[in-house]
Amino acid sequence: MSITRRSLIALASATSVLLSVAGMQAHAADVTVNIAYQPIVEPSRVPQADGAYEKAFDSKINWQKFDGGADVIAALASGSVDIGYVGSSPLAAAASRQLEFETIFVVGLISEAEALAVKGITKPEELVGKKIATPFVSTAHYSLLTALKHWNIDPKSVQILNLRPPEIAAAWERGDLDGAYVWDPVLSQIKKNATVLADSKNVADWGGPTFDAWIVSKKFATEHPDLVAQFVKVTADAYASYRAKPEAWDAKSPEAEKIAKLTGAKAEEVPALLKGYYFPSLEEQASADFLGGKTVEAVAKTSAFLLEQGKIPAVLDDYKPYVSAKWAQEALKVGQ
């Protein structure tokens, strides 16, 4: 076969494409993904412990532990975090300030996993003048304010202290607090010598539903859409495993042990703590009941409440840019 000028050009073009693909693969392998997680009992702690995200990404992951959503938002804003775990209240506050991110996965609708635990208090009106701790701009903070509004109690009449969960646990042990609105596993710790005045299921019934979610910076999502879809898929697979047979995740299961190790909860507490959430399936994530519609409505409603409480300067006309069903839809295609 004779070598013509055309064949040389074709060969050069093919070689260029192969080198380009190889370069892209090498580049993907060189990416370090910075993920902010919180020590909250939920199914995705299992693939985190197993290294399943690293395997799916074929990339390094820098897992960073945070104790509250406000700190995760600050890290995302600074560019030190690509993907982060936050509650609906800090998410709404960040969206209202037009931080560049998208909500890609609703972790769970919060039910009994967050609550107002108190001691020496038997009815809401006795909260007046008492020291109640909660992490500010968190779902717990939002729920506390919603509960006070429901009970017609002026928040200014209560000594509301801004403490992170570990600080709440320490202050509770010292006897410095009359109550705290916080989440598991710290909630389970303080409930041992406290009573629950209201939980987030009650607050949802009063018109203030809350949820946790994974968010991603828009810059990272634009540069690495395949990694974002893989992240959602791995997370959803863990949820599917739990939903299919929750009784298998008992206190003696390897899943409970892995979750306990990453959260500080006791393995025997894990099964009950998991029941404190409703974990939506991947199909639900992509539907109008979640990322395709109602999550946007929930963020807008939360933002309106935060504005009313003076926690944000203004609300947006539209919160759709901050919630995306695209990644759940893409994750549904992964492996097909």
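Along each chain, residues carry numbers from 1 onward, in the same order as the chain's sequence is written. Totals for whole chains, interfaces and linings use every residue, but because this is a predicted model, local features are given only for residues with pLDDT of at least 70 and side-chain atom pairs only at 80 or more, for both listing and counting. Hydrogen atoms and water are omitted, and side-chain values are computed over all heavy atoms in the structure.

## Some details on the overall build of the chain
Here is the rule we go by: Each helix is a run of H or I in the DSSP string that is no shorter than four residues. Each strand is a run of E no shorter than two, and both are numbered from the N terminus. A simple rule labels every residue: compare its accessible area, found with a 1.4 Å probe on the protein chains alone, to the largest value its type can have, and call it buried under 20%, exposed over 50%, or partly exposed in between. Residues count as neighbours in contact if any of their non-hydrogen atoms are within 4.5 Å of one another. Calculation of accessible area relied on Shrake-Rupley with a 1.4 Å probe; when residues are assessed, cover is drawn exclusively from the protein chains displayed. His is not counted here, nor are the chain ends, while Lys and Arg score as positive and Asp and Glu score as negative. Lysine's charge is taken at NZ, arginine's at CZ, aspartate's at CG and glutamate's at CD.
A count of helices and strands for the chain gives 16 helices and eleven strands. For the chain, buried positions account for 51% of its 336 residues. For the chain, the proportion of contacts with a sequence separation of at least 24, taken over those separated by at least 6, is 79%. By element, 53% of the accessible surface of the chain is carried by carbon and sulfur atoms, the whole surface being about 15400 Å². Taking the 34 positively charged and 40 negatively charged side chains of the chain as two groups, their mean positions are separated by 1 Å.

## Some words on the pattern of salt bridges
Pairs may arise between side chains of opposite charge once their charged atoms sit close together. Applicable threshold: Any Lys or Arg side-chain nitrogen located within 4 Å of an Asp or Glu carboxyl oxygen qualifies as a salt bridge.
In the structure shown here, the tally under the stated rule is eleven salt bridges. Residue Arg243 pairs with Glu284 through a salt bridge whose shortest N-O separation is 3.4 Å. Highlighted residues: Arg243 in helix α11 (residues 225–244) and Glu284 in helix α14 (residues 282–285), separated in sequence by 41 residues. A relative accessible area of 37% places Arg243 in the partly exposed class. For Glu284, a relative accessible area of 22% puts it in the partly exposed group.

## Digging into helix α7 (residues 165–174)
For α7, the full list of buried residues reads Pro165, Ile168, Ala169, Ala171 and Trp172. Among the structural elements, β5 (114–118), β6 (131–134), β8 (179–183) and α8 (186–190) are those in contact with the buried residues of α7. Count one or two residues on from α7 and you reach Gly175, which has phi positive near 85°.

## Side note on the pairing of β6
For clarity, the cut-off: Between any two strands, pairing holds if DSSP finds at least two bridges. Consider the strands pointing away from the viewer: the crossover is right-handed when the path from the first strand over the helix to the second runs clockwise.
Relative to strand β7 (residues 159–162), β6 runs parallel, the two sharing four bridges. Considered in β7, the bridge of Ile132 is made with Ile160. Handedness of the crossover joining β6 and β7 through helix α6 (residues 139–150) is recorded here as right-handed. As defined by bridge partners, β6 adjoins β8 across two bridges and the pair is classed as parallel. Counted as the bridge partner of Ile132 is Gly179 from β8.

## Side note on the environment of Arg97
Selection criterion: Think of a polar contact as two N or O atoms within 3.5 Å of one another; within protein, one of them needs to be a possible hydrogen donor and the other a possible acceptor, and neighboring residues in sequence only count if both atoms come from side chains.
Within the secondary structure layout, Arg97 lies in the loop between α5 (88–96) and β4 (101–110). Measuring from C-alpha to C-alpha, the distance between Arg97 and Val315 comes to 8.3 Å, with 218 residues separating the pair along the chain. Only 3.1 Å separates the side chain of Arg97 from the backbone oxygen of Lys311, close enough to count as a polar contact.

## A short note on the nonpolar core
Generally speaking, soluble globular proteins have nonpolar side chains that are buried together. Rules: For the purposes of this section, nonpolar cores are sets of buried Ala, Val, Leu, Ile, Met, Phe, Trp, Tyr and Cys residues that join through side-chain atoms within 4.5 Å.
Counting residues in each nonpolar core, the largest one holds 98 residues, and the members touching the most others are Val33, Phe101, Ile104, Leu116, Leu127, Trp151 and Trp214. When residues of this core are assigned to their parent elements, the largest contribution, nine residues, is made by α11. One finds Ala115, Ala117, Val182 and Ile190 within the second-largest nonpolar core, a separate group that totals 14 residues.

## Topic: the sheet that holds β8
What counts, and what does not: Helix axes are fitted to C-alpha atoms over the stretch in contact, other axes to C-alpha atoms as well, and angles between N-to-C directions run from 0 to 180 degrees.
Ordered in space as β7-β6-β8-β5-β9, the five strands form an open sheet in which the pairing is mixed. If you trace the sheet from one side to the other, it starts and ends with β7 and β9 (195–199), each paired once. On average, adjacent strands in this sheet sit at an angle of 25° to one another, irrespective of strand direction. Taken strand by strand, α6 contacts β5, β6, β7 and β8, and its axis lies near 130° from that of β8. The strands touched by α7 within the sheet are β5, β6 and β8, with β8 carrying the most contacts at an inclination of about 145°.

## Notes on the environment of Trp183
As for its placement among the helices and strands, Trp183 is situated in strand β8. Taking relative accessible area as the criterion, Trp183 reaches 7% and is therefore assigned buried. It is 26 Å that separates the C-alpha atoms of Trp183 and Ser324, two residues lying 141 residues apart in sequence. Discounting residues that sit within four places of it in the chain, Trp183 has contacts with Gln38, Ile40, Asp67, Ala113, Glu114, Pro135, Ser138, Ala140 and Pro165.

## Observations concerning the side chain of Thr263
Within the fold, Thr263 resides in helix α12 (residues 254–263). Judged by relative accessible area, Thr263 falls into the buried class, the value being 7%. Here Ala265 takes part through its backbone nitrogen, which lies 3.2 Å from a polar atom of the side chain of Thr263. Beyond its immediate chain neighbours, meaning those up to four positions away, Thr263 contacts Pro39, Ile40, Val41, Arg45 and Pro185.

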